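Overview (structure and organization)
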Amino acid sequence: MLETKIAEVRLRNPTVLASGILGTSAAILKRVASSGAGAVTMKSIGPEPRAGHNNPTVLSYGPGLINAVGLPTPGYKNMSEEWEQLADLEVPVIASIYGGSIDEFVEVARFVAGKKPAIIELNISCPNTKKHGQVFGFEPDVAGEVVSRVKGVTEEIPVMPKLSPNTPKLKEVAKACEDAGADAISAINTVGPGMVIDVNTAKPVLDFKTGGLSGPAIKPIAVRCVYDIYEVVDLPIVGIGGVSTGRDAAEMIMAGAVSVGIGSGVYYRGIDVFKKVCDELEGFMEERGYKTIKEMVGLAHE
Amino acid sequence: MLETKIAEVRLRNPTVLASGILGTSAAILKRVASSGAGAVTMKSIGPEPRAGHNNPTVLSYGPGLINAVGLPTPGYKNMSEEWEQLADLEVPVIASIYGGSIDEFVEVARFVAGKKPAIIELNISCPNTKKHGQVFGFEPDVAGEVVSRVKGVTEEIPVMPKLSPNTPKLKEVAKACEDAGADAISAINTVGPGMVIDVNTAKPVLDFKTGGLSGPAIKPIAVRCVYDIYEVVDLPIVGIGGVSTGRDAAEMIMAGAVSVGIGSGVYYRGIDVFKKVCDELEGFMEERGYKTIKEMVGLAHE
Amino acid sequence: MSKNSLMDMPDTCRITKVLEETPSVKTIVFEKEFSFKPGQFVMVWVPGLNEVPMSLSGANQITVKDVGKVTHILHSLKPGDFIGLRGPYGNGFSLNGKRILAVGGGFGTVPLKPLFGNKRIKKFIIGARSKLNLLWIDEIADVAVCTDDGSMGEKAFVTELADRELATGNYDLVISCGPEKMLKALFKVCEKYGVDVEFSLERLMKCGFGVCGHCAMDPIGWMVCKDGPVADSRILRQLTEFGNYKRDMSGRVVPL
Amino acid sequence: MSKNSLMDMPDTCRITKVLEETPSVKTIVFEKEFSFKPGQFVMVWVPGLNEVPMSLSGANQITVKDVGKVTHILHSLKPGDFIGLRGPYGNGFSLNGKRILAVGGGFGTVPLKPLFGNKRIKKFIIGARSKLNLLWIDEIADVAVCTDDGSMGEKAFVTELADRELATGNYDLVISCGPEKMLKALFKVCEKYGVDVEFSLERLMKCGFGVCGHCAMDPIGWMVCKDGPVADSRILRQLTEFGNYKRDMSGRVVPL
Ligand SMILES: Cc1cc2nc3c(=O)[nH]c(=O)nc-3n(C[C@H](O)[C@H](O)[C@H](O)COP(=O)(O)OP(=O)(O)OC[C@H]3O[C@@H](n4cnc5c(N)ncnc54)[C@H](O)[C@@H]3O)c2cc1C
Ligand SMILES: Cc1cc2nc3c(=O)[nH]c(=O)nc-3n(C[C@H](O)[C@H](O)[C@H](O)COP(=O)(O)OP(=O)(O)OC[C@H]3O[C@@H](n4cnc5c(N)ncnc54)[C@H](O)[C@@H]3O)c2cc1C
Ligand SMILES: Cc1cc2nc3c(=O)[nH]c(=O)nc-3n(C[C@H](O)[C@H](O)[C@H](O)COP(=O)(O)O)c2cc1C
Ligand SMILES: Cc1cc2nc3c(=O)[nH]c(=O)nc-3n(C[C@H](O)[C@H](O)[C@H](O)COP(=O)(O)O)c2cc1C
Ligand code: FES
Ligand code: FES
């Protein structure tokens, strides 16, 4: 009942671990898979080792989380144990990658494609560093170029750019990605960014000062973005942002997603959020008479 | 202790009723003033009568509010009773205006200036209609033109553009407004927009389908925007977004605001939120040894 | 700070029953049960169309008069259809009296229904244009009925019957709901006898929870959705707007 | 869904007292009181600098060894200065035993402090490099002391003393905190005697609440911040990473 597909990749259920949550090692990815996820995304991988920002990097401000981890990565070359252990993972593995230039995207993508992940996700949407991430996702032409250059080296591995809610040109970016050959789209990355200031010391709390928002606070933005993207492209969409219940998942699917990413939901409901969301979604589908995920995709567009 | 100033306008305390909350009539503005607000903003006034969207227009999604009221307005000409009754209001009145073209902005501004409000706020940031609001606030040149054209007809009344968090060019827009002669800046209007879909019926809940987010969910975004604007302009800033406690107000002030707008706070703490915020802010200032609001403005920039 | 505020998002549930009360009034019964105070209302969302305020005529029902676009569609709904509900909103009747006279004019009887049988209400006066529009009169023990056309009960306005009742000196509170012009006239009568009132008012509503300001009445900014819908004599004496004008969707003042 | 989650934002409060425990260890007492379980930790924010995990050595205190940048600044703070605290995090010791042996190595004694006086702990073994590094030994009733250099107590490693104690068969649980190499050796001793353990581990931490994945240990993804920091024998037997390697800030595997 819960089976779905992202491009040609089959998922046993629509829940996908979002990038940057828990995905730092093969071990924890396996644990997430056995907690019920339909697919798992690795923490975004970059060209060179990078420590990311100092702490605090991830906090809760109440209505949601705020983070600026700053894209720490061992660098794609320094992950041989992880790559090996990922081979026998029970669910599809999505490799998220980033670069500080389009060439770097291509460099990382070429290597990573050789490791045969189910999908390569392009992080062109992280708001938490100066030179990476969303700078590649704000303008349609830049986003399109990243996609088409990466597609040139990834052979049969599907490529899925991850879009930012922070550009007013979201629809144009999505369309440019489709035109450039993207096989799927994921959306959204974190919102804002925002800032929290400690009033006793008058200091921004995050080390990077600003951080992207995630969790329940941003769910309506994520739903709207997925809805908007669905209107302009014919690609499968992984809807990410604020999902932590089965109803949230249904909402995202009705907005147009074939599958839902879960990140902050791990904070709100624990590592077995995947199983919980699946059970709730199944309950909802039974109650309302839906037999497949496919039937529900995009229903809100009537 | 709480006195502050926006441009040359003196306020007995930094709390300002944000536009569109309660500000539909002189009567309710008076009630807000007697509930402790330091200044009140009228609901945005447009050129012609406009009903706005059908209901639902304002809802709570949990972490915040979502609204698409759609800029209902009697039209500036049809408000004679309100204008008369506003004359004896105990605190400064800010008149928020909008138009569907720069000419309309000028037309409304000219008339409204004649009514001598303390400040004219330019709503170039509402996300909830197709032709008004944030279409004028996304690009620095457009925003600058609205400001300079309006300045041409408002004589000594200070002009305060209200900025949108939804443009990546926020700093550039702020700078353009300053260069165009703005006397102050208010920020932010609502975030997103977002969408809520009812899963039982697969229908977007708001009549306009999408709506702007406000309240606690967006506070970090508002704080970051004020922080960013403070870095690039020398104008007084009215910081708006998610303020409902004295600590929230202190945070906004430390980010760079001379005064704080309160909208959704009315929902979270009732119409006397203004008095509550003032009491709490005063308590905080006493505890931490601050004697004036001014001392605290922008402290987070060290 | 944190409100349990999903009560302010329409919650869709199924209609279980539809009762035809009069040719133009239907009661819609739904799955959801509210714990409420008589006089409180809910915002009723017709998915994809619009949302309007309706008094609760019971814990799980509203009673709707077909007067326009939304109410017309509400009349066409069938058991199994979904409607969205949020609330309950407003203050409800506080019933600050020991010997209460209740007056219902037309479908203004709706919010009084949960009070049928209330021991402190000594009498109900129910009026309508004609027999066909009378609501629930056989469910009330002590009821005086009147119609404008005399098709049932006395041919009179509820104000006349109320005047007569109040002359007995037997009442210390009048509660009522109905057309505002009627309420205004009734208030005059009550003031003449020095009897307190609690009247349920209506204004255009958007948020329903005291944020948009659309329902605020002059000159004190009394919000029908949050401070009301039930106003007592002290409030009514201040509301210069009462019985005179209201505001349309744009916020423009229009006569009643 | 709604977590009372401002506990996951640093709450700044003032330092009230600073105690010098050894030349390189200070206890920082603050205004805020945590209700906590021994073995739980807090994330300590030095405003404008960084944030690090520290065990609670009491409801309102941490005890810090000066080993690097942040801890060095922590050592320079004075009463009246603000630090930010969030937590408490982690599981704490469950103390699933009746006759417990507690072993503290170096500043690993810190999380054991709230257990001084616990009736089920029959004996403490406290070891350090030298006399100067021994923490709180005169506050414990039944304590065996050892130092690497023999400057106080026995010249021995804690593992040797533990081996001797366990040989008596008097214990059903060993709890400990200290350098991971020491814990690894101690675990071997305990396994030899078939005695269960609860050891408090350390890994680089970012979120502290089970979201970033940075502290997860191979091969089961056991998260030190949330599933730990206290691991029991069943867990330790599975952690191939234990005593061997860890991950740096970038996530790269580095030897211990
Ligand atoms: C507190 C309160 C309780 C009410 N209880 C009941 C009830 O129990 N039963 C009942 O049948 N009606 C009740 N009403 C009136 C009901 O809301 C209107 O009849 C309904 O909104 C009409 O909608 P429409 O689209 O069918 O009519 P329209 O064609 O839109 O307009 C007809 C009239 O309905 C009123 N109206 C329209 N929209 C709104 C709105 N958003 N808010 C308030 N009034 C509106 C206006 O006066 C308008 O002139 C109540 C109103 C309020 C304020
Ligand atoms: C659960 C737990 C409880 C701890 N309890 C205490 C305690 O009670 N007293 C005490 O003095 N120390 C304790 N530590 C260790 C303490 O966190 C480190 O000593 C401190 O982070 C060093 O920071 P630094 O900047 O001074 O050192 P650095 O110069 O940054 O590094 C020195 C070493 O400290 C460790 N370290 C640095 N940053 C972190 C981090 N974010 N998370 C974990 N380790 C880090 C690394 O191993 C690093 O190699 C605890 C650690 C953990 C995980
Ligand atoms: C702590 C944290 C780290 C993240 N790191 C990454 C990352 O490395 N790459 C990426 O594409 N997205 C990253 N994200 C964004 C999430 O994948 C996701 O898009 C976002 O959090 C919204 O989903 P959520 O509300 O379910 O968390 C991170 C989010 C969080 C909270
Ligand atoms: C119901 C509602 C109506 C609003 N209408 C307007 C408006 O007419 N003009 C405007 O400039 N801003 C309008 N806003 C935006 C607010 O003034 C404010 O900028 C925003 O809500 C953020 O502040 P808050 O979090 O304190 O609500 C509206 C907001 C809400 C919630
Ligand atoms: S309807 Fe919005 S304030 Fe009453
Ligand atoms: S520190 Fe983030 S998961 Fe443990």
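This write-up is about the structure you can find in this document. Since this is a predicted model, take the numbers as computed values, not measurements. (Residues numbered from 1 in each chain as written. Chains lettered and ligands numbered in written order. Predicted model: local features only at pLDDT ≥ 70, side-chain atom pairs only at ≥ 80, totals over all residues. Heavy atoms only, no water.)

The next thing to look at is the packing of helix H2 (residues 158–167) of chain C against helix H3 (residues 180–193) of chain C. All names here are of chain C. Interhelical geometry of H2 versus H3 gives an angle of 15° and a closest axis separation of 10 Å. Between H2 and H3, the angle is such that the two are roughly parallel. Judged by the twist between their axes, the crossing of H2 over H3 is right-handed. Here H2 contributes Val158, Thr159, Ala162, Asp163, Leu166 and Ala167 to the contact with H3, which in turn contributes Met182, Ala185, Leu186, Val189, Cys190, Lys192 and Tyr193. (Axes fitted to C-alpha atoms, helices over the stretch in contact; angles between N-to-C directions. Helix = DSSP H or I, 4+ residues; strand = E, 2+ residues; numbered from the N terminus. Parallel < 35°, antiparallel > 145°, perpendicular 65-115°, else oblique. Left-handed = near helix turned anticlockwise from the far one by under 90°. Contact = heavy atoms within 4.5 Å.)

Residue and element names in this part refer to chain A. Taken together, 23 residues lie around ligand 3, and Ser19, Ser44, Lys162, Gly242 and Ser264 are the ones closest in. At 2.7 Å from a nitrogen atom of ligand 3 is found a side-chain nitrogen or oxygen belonging to Ser44. Measuring from an oxygen atom of ligand 3, one finds a backbone N or O atom of Ile188 at 2.8 Å. With the chains in place, 99% of the 610 Å² that ligand 3 exposes on its own is no longer accessible. Here the shell around ligand 3 is composed, by residue class, of eight nonpolar, 13 polar and two charged. (Near = heavy atom within 4 Å. Polar contact = N/O pair within 3.5 Å; in protein donor to acceptor, adjacent residues only side chain to side chain. Areas by Shrake-Rupley, 256 points an atom, 1.4 Å probe, with all protein chains shown as cover. Nonpolar A, V, L, I, M, F, W, Y, C, P; charged D, E, K, R; others polar.)

This next bit is on the side chain of Thr4(B). Residues and elements named next belong to chain B. Mapping Thr4 onto the fold places it in strand E1 (residues 4–6). A distance of 2.8 Å separates a polar side-chain atom of Thr4 from the backbone oxygen of Val258. Other than its neighbours up to four places away in sequence, Thr4 contacts Val9, Arg10, Leu11, Asn13, Pro14, Val258, Ser259 and Ile293.

Often, the extent of an interface is quoted as the loss of accessible area upon association of its parts. In this assembly, 39 residues from chain B lie in contact with 39 residues from chain A. Approximately 3200 Å² of surface area, both sides summed, lies buried where chain B meets chain A, with 65% of it carried by carbon and sulfur atoms. Counting every contact that joins chain B to chain A gives zero salt bridges. Taken together, chain B and chain A are joined by 10 residue pairs in polar contact (both at pLDDT 80 or more). Elements with a contribution of two residues or more to the side of chain B that touches chain A: strand E11 (191–195), strand E13 (203–204), strand E14 (210–214), helix H6 (219–232), helix H7 (246–255) and helix H9 (273–288) of chain B. (Buried area = accessible area lost by both parts, 1.4 Å probe. Salt bridge = Lys/Arg side-chain N within 4 Å of Asp/Glu carboxyl O.)

Around ligand 1 lies a shell of 21 residues, among which Pro53(C), Thr63(C), Lys65(C), Thr71(C) and Met205(C) are the nearest. What surrounds ligand 1 is not a single chain but chains B and C. One nitrogen or oxygen atom from the main chain of Lys69(C) is found 3.4 Å from an oxygen atom belonging to ligand 1. Met205(C) places a main-chain nitrogen or oxygen 2.9 Å from a nitrogen atom of ligand 1. Isolated, ligand 1 exposes 850 Å² of accessible area, and the fraction of that covered by the protein chains is 80%. For the shell around ligand 1, the secondary-structure elements that each account for two or more residues are strand E4 (50–58), strand E5 (61–65) and helix H1 (69–76) of chain C.

Turning next to the relation of the copies chain B and chain A. The two copies are related by a screw motion: chain B maps onto chain A through a turn of 180° and a shift of 0.0 Å along the axis, at an RMSD of 0.0 Å. Those values place the two copies in the arrangement expected of a two-fold rotation axis. (Least-squares fit on C-alpha atoms with pLDDT ≥ 70 in both.)

Counting residues at the interface gives 44 residues for chain A, matched by 41 residues for chain D. Interface area for chain A against chain D, summed over the two sides, is near 3400 Å², with a carbon-plus-sulfur share of 59%. It is Arg31(A), Asn55(A) and Tyr267(A) in chain A that bury the most area against chain D; as a group they hold 19% of the surface buried on that side. Applying the counting criterion to the chain A and chain D interface returns two salt bridges. There are 13 residue pairs in polar contact (both at pLDDT 80 or more) connecting chain A and chain D. Taken together, the elements giving at least two residues each to the side of chain A that touches chain D come down to helix H1 (26–34), strand E5 (58–60), strand E6 (65–67), strand E13 (203–204) and helix H8 (265–269) of chain A. Among the elements that take part in the side of chain A that touches chain D, H8(A) stands out by supplying four residues, more than any other. Its residues placed into classes, the side of chain A that touches chain D shows 22 nonpolar, 15 polar and seven charged.

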